[in-house]
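# Coordinates in review
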Amino acid sequence: APGLEFTAPSPVSFRGALAALCLLGWLAFSVIYLHRAWEMMRMLGAHLTGAKAVRPLFVPFFNALWCFVAVFGWAGLWNHNVKHHPGLKPARSVWPVLFFLFPILLLISQGLALMHLLIREWLTDPTDLNDQISFGTWAFTFIITLVTWGQICRSINFLARKKV
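Below: a short report on this structure. Once a new chain begins, its residue numbering starts again from 1 and follows that chain's sequence as written. For a predicted model such as this one, the threshold for reporting local features is a pLDDT of at least 70, and the threshold for listing and counting side-chain atom pairs is 80 or more; totals across whole chains, interfaces and linings nevertheless cover every residue. Only heavy atoms go into the side-chain values, all of them from the structure, while hydrogens and water stay out.

Take the overall build of the protein chain next. Every helix listed is a DSSP run of H or I at least four residues long, and every strand listed is a run of E at least two residues long, numbered separately from the N terminus. Within the protein chain, the secondary structure is distributed over five helices and zero strands. When the helices and strands of the protein chain are listed from N to C terminus, the series reads α-α-α-α-α. Three exposure classes are used, based on accessible area relative to the maximum for each residue type with a 1.4 Å probe and protein chains only: buried under 20%, partly exposed in between, and exposed over 50%. Split into buried and exposed, the 164 residues of the protein chain put 35% on the buried side. Total accessible area on the protein chain stands at roughly 10300 Å², and carbon and sulfur atoms take up 71% of it. Accessible surface is estimated by sampling points in the Shrake-Rupley manner with a 1.4 Å probe; for residues, cover comes only from the protein chains shown.

Right, dumping it as structure tokens:
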């Protein structure tokens, strides 16, 4: 029938949809693990519950500031307990510099994403310096995020296997 022709989606829209789906999956994973990390730290005297630590993360831009409390604060509490709690002596400390750097990079990455949305200039040219800065910042943020969450996962697994 005329007018009912199938047109294939463009590769750019497919990649964008795939990236958005991966981002949503990663966000769900990270929120669940941060919630679990705080809940497991409650037995060691954590002042936040998992829900109190996670809820503010759903507010755009405030989430980067709240990460100083929820992520960097968790790392400080973990390292303190590893040093002072006898049951955690075999545990490994986390790298606090990465937990401090993560919220800063998250805020910068969100600012870059908002800037590109507001000016409606999509990243298409890998030779353009502005596009390289944005891609580089997002890639560096992603790498720091993976390492940071890897350390959170390692700590959660240690607590789950050990009765403190």
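From this point on, the discussion continues.
One finds L34, W38, M41, W74, W78 and I152 to be the most contacted residues of the largest nonpolar core, which totals 35 residues. Elements that contribute at least two residues to this core include exactly α1 (11-41), α2 (50-54), α3 (62-84), α4 (96-119) and α5 (129-161). For this core, the element with the most residues is α3, which contributes ten residues. The contact rule is simple, with two residues in contact once any of their heavy atoms fall within 4.5 Å. The residues touching W74, leaving out its near neighbours within four places in the chain, are A37, W38, M41, V69, V94, F99, I152 and S155. Working definition of a nonpolar core: buried Ala, Val, Leu, Ile, Met, Phe, Trp, Tyr and Cys residues. They are joined through side-chain atoms within 4.5 Å.

Within the patch definition used here, like charges are joined within 9 Å and nonpolar side chains (Val, Leu, Ile, Met, Phe, Trp, Tyr) within 5 Å, considering only residues with over 30% relative accessible area and no salt bridge. In the sections that follow, a salt bridge refers to a side-chain nitrogen of Lys or Arg positioned within 4 Å of a carboxyl oxygen of Asp or Glu. On the surface, V59, F61, F62, L65, L107, L114, M115, L118 and I119 cluster together to form a nonpolar patch covering roughly 780 Å² of accessible area. When contributions to the nonpolar patch are tallied by element, the ones reaching two or more residues are α3 and α4. Sorting elements by how many residues they give to the nonpolar patch places α4 first, with five residues. Examined against the element boundaries, M115 turns out to sit in helix α4.

This brings us to the side chain of S109. Within the fold, S109 resides in helix α4. The class for S109 is buried, based on a relative accessible area of 9%. Non-local contacts of S109, meaning those with residues more than four positions away in its chain, are made with T137, W138 and T141.

The axes are straight lines fitted to the C-alpha atoms, using for helices just the contacting stretch, and the angles between their N-to-C directions are given from 0 to 180°. Between α3 and α5, the shortest axis-to-axis distance is 12 Å and the interhelical angle comes to 45 degrees. On the basis of their axis angle, the class for α3 and α5 is oblique. Handedness of the crossing formed by α3 with α5: left-handed. On α5, the residues touching V71, W74 and W78 of α3 are T148, W149, I152, S155, F158 and L159. Grouping the amino acids of the contact of α3 with α5 by side-chain chemistry returns seven nonpolar, two polar and no charged. Angles below 35 degrees are treated as roughly parallel, those above 145 as roughly antiparallel, those between 65 and 115 as roughly perpendicular, and all remaining angles as oblique. Handedness of a crossing is defined here by the sense of rotation of the near helix relative to the far one, left-handed for an anticlockwise turn of less than a right angle and right-handed for a clockwise turn. As a working rule, the residues Ala, Val, Leu, Ile, Met, Phe, Trp, Tyr, Cys and Pro are called nonpolar, Asp, Glu, Lys and Arg charged, and the rest polar, with Gly in that last group.

With that settled, the discussion passes to the packing of aromatic side chains. Each aromatic ring pair is described using two quantities: the centre-to-centre distance and the angle formed by the ring planes. Any two of the Phe, Tyr and Trp rings considered here, Trp counted by its six-membered ring, make a pair once their centres fall within 6.5 Å; the pair's planes then place it as stacked at under 30 degrees, edge-to-face at over 60, or tilted in between. By the definition in use, this model includes ten aromatic pairs. The interplanar angle of 35 degrees and the centroid separation of 6.1 Å between the aromatic rings of W74 and F99 together place this pair among those described as tilted. Here W74, found in helix α3, pairs with F99, found in helix α4; they are 25 residues apart in sequence, far enough to count as distant. A relative accessible area of 1% means that W74 is categorised as buried. By relative accessible area, F99 is classed as buried at 0%. Among the aromatic residues, those joined into a cluster by ring pairs are W26, F29, Y33 and F142.

By definition here, a helix of n residues has an expected span of 1.5 Å times n minus one. Between its first and last C-alpha atoms α4 spans 36 Å; for 24 residues at 1.5 Å apiece the expected length is 34 Å, and the two agree. Within α4 the residues assigned to the buried category are L98, F99, F102, P103, L105, L106, S109, Q110, L112 and H116. Those residues of α4 that are buried lie in contact with α3 and α5. R120, located one to two residues past α4, shows a positive phi value of around 55 degrees.

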